[in-house]
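# Fold and contact review
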Amino acid sequence: MRRLLVALALVLSACSAGQDGPTTITFWDNNGGPGRTPIYEELIKRFEAANPDIKVEYVGVPSSSVQQKYDTAIAGGSTPDVGGVTTSYLAHLVGQDALEPADDRLENGPLKGKLLPGLLETVRQTAPDGKLYAVPASGNLDVIWYRSDRFAEHKIAEPSTWDDLVKAATQLTKPADNQYGFTIRGGAGSIFQLLSETYSYSGIDKFYDGGRSTVNDPRNAELVRKVAELYKKATPEADVSNNYTQMVAQFTGGTVAMMHHNLGSTGDVMKALGPERVSAMPLPKGPSGKRTVVPNPTDGFAVFKGSKNRDASWKFVEFLTSAESNGYWNEKVGQIPANTDVRGAGWIQKNPAVKMALGVLEDPATVIVPAPVYLPEYSSITKTDTEPLYQKVLLGQMPAQEFLDQLAAKLTTAQQEWEKRK
């Protein structure tokens, strides 16, 4: 009898260990590297301490290859439980029926009413069925970085319209001293910035009207002409082929007084110039007086349908987007927290650029105009097909209207084909 009891105790002990052992979930960081990996390592440590029954295996994937990695994992049935995603390829994952909708989880969980409506809407508009397939965690905003010290020296007010910006760029240009008022991104990555500029100027509130692209609206062409006319007059000649790195180098090196980029360059700008010499403002308004914003891709987290531990996976997503974790993450990267409870955090009050961006996104008068990043052809159209044409516009070899007509035609065809497939 004693031996039987001992044996039974051992069996029960083994069963208990199997039942009580931690659940393991795998998390893929969609932009792994020295800048972000340590942040996630700290957050995972905090999560596991608060949830000893769940273990998180971290995998850092470079942003340049993450979409291909997801495609391979989906095809092979070996997806992670949780993945970092952006709206730039979210529709591609949704189209493969790879992700769990988050709508019910948000409606019935701790994040209900806690996330920025603008970011939620951006994510919803990415999916063809309007469902939420990722929980937004971090937003970004295009801004004009400007040398506030030079503006003060020349007694120039912060530009509120594009005409103000053009005037200021001209006033701050002294070619003999290698000083220019503005820098144009004419090389790689130029078209997204240009589209942000055109819609901020025109006030057009939708990318498509009746299935046709609004890109070639004459009001958009007017802005393209204004920018092109600045080239070599109030900008360096090298701008025609500038990519992000070269553009930022010109600004932080003191050659130019204004640069259009986004909050992602906060670290570089502040390290080089400091808050006493540089400030950020939203893209100026045009004659309409409207604030229209083409949003940057929204970063967030998705749970894959292939996950065998969905409850644990959602618990991890809720933790990452909770006020404390979301605030910690966005303070480190200098971006806009999705969780509205972070709004009053001390670090935001000390970060004028993020505070300004939050104000823009929270303003009910701001109109969000999402670019059609869900189109499979969007990247090739805006990069391979269109970047060389924009350089022709800057060089005076192609009219702005013709340039936008060609871009609009391709975007219209891509949209119509997408609608048929959908």
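Residues numbered from 1 in each chain as written. Predicted model: local features only at pLDDT ≥ 70, side-chain atom pairs only at ≥ 80, totals over all residues. Heavy atoms only, no water.

### Remarks on the overall build of the protein
- Helix and strand counts for the protein come out as 19 helices and 13 strands.
- In terms of C-alpha radius of gyration, the protein reaches 24 Å, essentially the compact-globule figure of 22 Å for 422 residues.
- Across the 422 residues of the protein, 52% fall into the buried class.
- The long-range fraction of contacts in the protein, counting pairs at least 24 apart against all pairs at least 6 apart in sequence, stands at 74%.
- Of the roughly 18900 Å² of accessible surface on the protein, 51% is carried by carbon and sulfur atoms. (Helix = DSSP H or I, 4+ residues; strand = E, 2+ residues; numbered from the N terminus. Rg over C-alpha atoms; globule rule 2.2 N^0.38 Å. Buried < 20%, exposed > 50% of the residue type's maximum accessible area, 1.4 Å probe, protein only. Contact = heavy atoms within 4.5 Å. Areas by Shrake-Rupley, 256 points an atom, 1.4 Å probe, with all protein chains shown as cover.)

### Points about helix α11 (residues 244-252)
- For α11, the complete set of buried residues consists of Met247, Val248, Gln250 and Phe251. Viewed end-on, α11 has its buried residues packed into an arc of 155°, placing them on one side of the element.
- Contacts from the buried residues of α11 go to β5 (142-146), α9 (190-202), β8 (258-262) and α12 (266-273).
- Residue Asn243 occupies the N-cap position of α11, its side-chain oxygen lying 3.1 Å from the main-chain nitrogen of Thr245. (Arc of directions from axis to C-beta. Polar contact = N/O pair within 3.5 Å; in protein donor to acceptor, adjacent residues only side chain to side chain.)

### Brief notes about the sheet that holds strand β2 (residues 54-60)
- Read across the sheet, 6 strands follow the order β2-β1-β3-β11-β4-β12 without closing on themselves; strand pairing throughout is mixed. A strand with exactly one partner marks an edge of an open sheet, and here the two such strands are β2 and β12 (336-337).
- As paired strands, strand β1 (residues 23-29) and β2 are joined by 7 bridges and run parallel to one another. Each bridged residue has a counterpart across the sheet, and for Thr23 the counterpart in β2 is Ile54. (Pairing = 2+ DSSP bridges.)

### Things to note about helix α4 (residues 87-95)
- Residues of α4 that are buried include every one of Thr87, Tyr89, Leu90, Ala91, Leu93 and Val94, and no others.
- Where α4 is buried, its residues touch α3 (66-76), β3 (82-86) and α6 (117-126).
- Among the residues trailing α4, Asp97 stands out with phi positive, at a value near 55°.

### Remarks on the environment of Ala408
- Along the chain, Ala408 falls in helix α19 (residues 400-421).
- Each C-alpha atom of the pair Ala408 and Val215 lies 5.4 Å from the other, and the pair is 193 residues apart in sequence.
- Setting aside its immediate chain neighbours within four residues, Ala408 contacts Ser213, Val215 and Asn216.

### Observations regarding the confidence of the model for the protein
- Averaged over the protein, the pLDDT score is 93; the fraction of residues at 70 or greater is 95%.
- Contacts from residues 1-18, a stretch scored under 50 in pLDDT, to residues over four places away or in other chains number 0 contacts. (pLDDT = per-residue confidence, 0-100.)

### Let's talk about the nonpolar core
- Core analysis: the largest hydrophobic core is formed by 76 residues, its most contacted members being Leu99, Leu141, Trp145 and Phe316.
- Looking at this core element by element, the count peaks at 7 residues for helix α16 (residues 352-362).
- Counting 55 residues, the second largest nonpolar core, distinct from the first, contains Leu194, Tyr199, Ile204 and Val373. (Core = buried A, V, L, I, M, F, W, Y, C linked by side-chain atoms within 4.5 Å.)

### Considerations on the pattern of salt bridges
- A complete count under the given rule lists 18 salt bridges for this structure.
- With a shortest N-O distance of 3.0 Å, Arg36 and Asp29 are connected by a salt bridge. Asp29 shares its class with Arg36; the two are buried.
- Across the pair Lys45 and Glu42 runs a salt bridge, and its minimum N-O distance is 3.4 Å. Of this pair, Lys45 and Glu42 both sit in helix α2 (residues 37-50), 3 residues apart, which is roughly one turn of that helix.
- Taken together, the salt bridges that share partners define one network made up of Glu42, Lys45, Arg46 and Glu324. (Salt bridge = Lys/Arg side-chain N within 4 Å of Asp/Glu carboxyl O.)

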